[in-house]
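Each chain, letter by letter, is given below.
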Amino acid sequence: KNEVEQSPQNLTAQEGEFITINCSYSVGISALHWLQQHPGGGIVSLFMLSSGKKKHGRLIATINIQEKHSSLHITASHPRDSAVYICAVTPGNQFYFGTGTSLTVIP
Amino acid sequence: DGGITQSPKYLFRKEGQNVTLSCEQNLNHDAMYWYRQDPGQGLRLIYYSQIVNDFQKGDIAEGYSVSREKKESFPLTVTSAQKNPTAFYLCASSTGTLSYNEQFFGPGTRLTVL
């Protein structure tokens, strides 16, 4: 049983498309994080959310605590957005990770 | 330049040998973590340490050992007792509880046991 489920697992988009990646979780959390993993393996933190919505450039993250659901949106997608996007939730002292969504943006 | 370094990037070992993966951070973070990543699976926590000289087992600690003698360093030893050690290993750190702080990741070490 996985505490964090992401969908879709794989996503291919044309450059310029609007992209949505979904994350559902089953445990009580104090925060949800969206991470980006590049092909070389390095991971960077994109967002940390406990409520509402955050925006950074072309990336938008939302969370609905009651429904235990979060979405990551990418507007005007670009080939450099190609990466694996990982949702992680935390009750405070450790993460529970989703398996990731592999995004490929085609020029 | 603050960050987390892991070395080496690629590591090959023969079956039955212990191997130690290095993780160093100069971010002055109290908490450090080791994760394992396998294809098609989410990251899984091996060990974590919230303070020097103290560490706790994660979900998959069997066959691994760690030490935290200095704030900056959190080496992971993959012992011969680990049944399937070939994987990508990521080290991370944070200033404190993950409820309010983001986690910073190192570049990872890809371990292949032959």
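Scroll up to find the structure.
The following paragraphs examine the structure supplied in this document. For clarity, every value in this text was computed on a predicted model and none was experimentally measured. (Residues numbered from 1 in each chain as written. Chains lettered and ligands numbered in written order. Predicted model: local features only at pLDDT ≥ 70, side-chain atom pairs only at ≥ 80, totals over all residues. Heavy atoms only, no water.)

For the rest of this paragraph, the subject is the overall build of chain A. Counting its secondary structure elements, chain A contains zero helices and eleven strands. Along chain A, helices and strands appear, N-terminal first, in the series β-β-β-β-β-β-β-β-β-β-β. Its C-alpha atoms give chain A a radius of gyration of 13 Å, within 12% of the compact-globule value 13 Å for 107 residues. Seen along its three principal axes, the alpha-carbon backbone of chain A occupies a region of about 40 × 25 × 20 Å. A burial count over chain A gives 43% of its 107 residues as buried. The long-range fraction of contacts in chain A, counting pairs at least 24 apart against all pairs at least 6 apart in sequence, stands at 54%. (Helix = DSSP H or I, 4+ residues; strand = E, 2+ residues; numbered from the N terminus. Rg over C-alpha atoms; globule rule 2.2 N^0.38 Å. Buried < 20%, exposed > 50% of the residue type's maximum accessible area, 1.4 Å probe, protein only. Contact = heavy atoms within 4.5 Å.)

So, about the sheet that holds strand β6 (residues 52–56) of chain A. All names here are of chain A. The strand order β1-β3-β8-β7-β6 describes an open sheet built from five strands, whose pairing is antiparallel. The sheet is open, and its two edges are formed by β1 (4–7) and β6, each paired on a single side. Neighbour-to-neighbour, the strand axes of the sheet open up by a mean angle of 15°, direction not taken into account. (Pairing = 2+ DSSP bridges. Axes fitted to C-alpha atoms, helices over the stretch in contact; angles between N-to-C directions.)

Space inside the largest pocket adds up to approximately 340 Å³. Along its surface, the largest pocket is lined by 19 residues, and Thr99(A), Gln37(B), Asp38(B), Pro39(B) and Gly40(B) are the ones closest to its centre. Looking at the lining of the largest pocket, the elements with two or more residues in it are β9 (83–90) and β11 (101–106) of chain A. A breakdown of the residues in the lining of the largest pocket according to their chemical character gives five nonpolar, twelve polar and two charged. Here the second largest pocket defines a volume of roughly 200 Å³. Lining of the second largest pocket is provided by Asn2(A), Glu3(A), Phe95(A), Tyr96(A), Phe97(A), Thr99(A), Gln41(B), Gly42(B), Leu43(B), Arg44(B), Leu45(B) and Asp59(B). Every element with two or more residues in the lining of the second largest pocket is listed here: β10 (96–97) of chain A together with β5 (44–51) of chain B. Considered class by class, the residues forming the lining of the second largest pocket number five nonpolar, four polar and three charged. (1 Å grid on protein atoms, 1.4 Å probe; cavity = no way out; pocket = protein on both sides within 12 Å on 5 of 7 lines; lining within 4 Å. Points joined across faces, edges and corners; volume = space filled by probe spheres on them. Nonpolar A, V, L, I, M, F, W, Y, C, P; charged D, E, K, R; others polar.)

Membership of the largest hydrophobic core comes to 22 residues, with the highest contact counts inside it found for Ile19(A), Leu32(A), Trp34(A), Leu72(A) and Tyr85(A). Leave out the neighbours within four places in its chain, and Ile19(A) touches Leu11(A), Ala13(A), Leu72(A), His73(A), Ile74(A), Ser77(A), Leu103(A) and Val105(A). Listed in part, the 20 residues of the second largest apolar core include Leu11(B), Cys23(B), Val66(B) and Phe74(B). (Core = buried A, V, L, I, M, F, W, Y, C linked by side-chain atoms within 4.5 Å.)

This paragraph deals with the state of the cysteines. All names here are of chain A. Taken as a whole and judged by the stated rule, the model has two disulfides over all chains. Across the disulfide from Cys23 sits Cys87; the S-S distance is 2.0 Å. On the sign convention where negative means left-handed, the S-S torsion of about -65° between Cys23 and Cys87 marks this disulfide as left-handed. Residue Cys23 is located in strand β3 (residues 19–25), and its partner Cys87 is located in strand β9; the two are separated by 64 residues in the primary sequence. Of the residues examined, Cys23 reaches a relative accessible area of 0% and is grouped as buried. (Disulfide = S-S within 2.5 Å.)

Right, let's talk about unusual backbone geometry for a bit. Of all residues except glycine, most have a negative phi; of all peptide bonds, most are trans. Of the consecutive residues Ser7(A) and Pro8(A), the connecting peptide bond is found in the cis state with omega at -5°. As for its position among the elements, Pro8(A) is in the loop between β1 and β2 (10–14). The residue after Ser7(B), namely Pro8(B), is reached through a cis peptide bond having omega -10°. Among the secondary structure elements, Pro8(B) is positioned in the loop between β1 (4–7) and β2 (10–13). In this structure, Asn28(B) is a non-glycine residue whose phi angle is positive, near 60°. Tracing the backbone shows Asn28(B) in the loop between β3 (19–25) and β4 (31–37).

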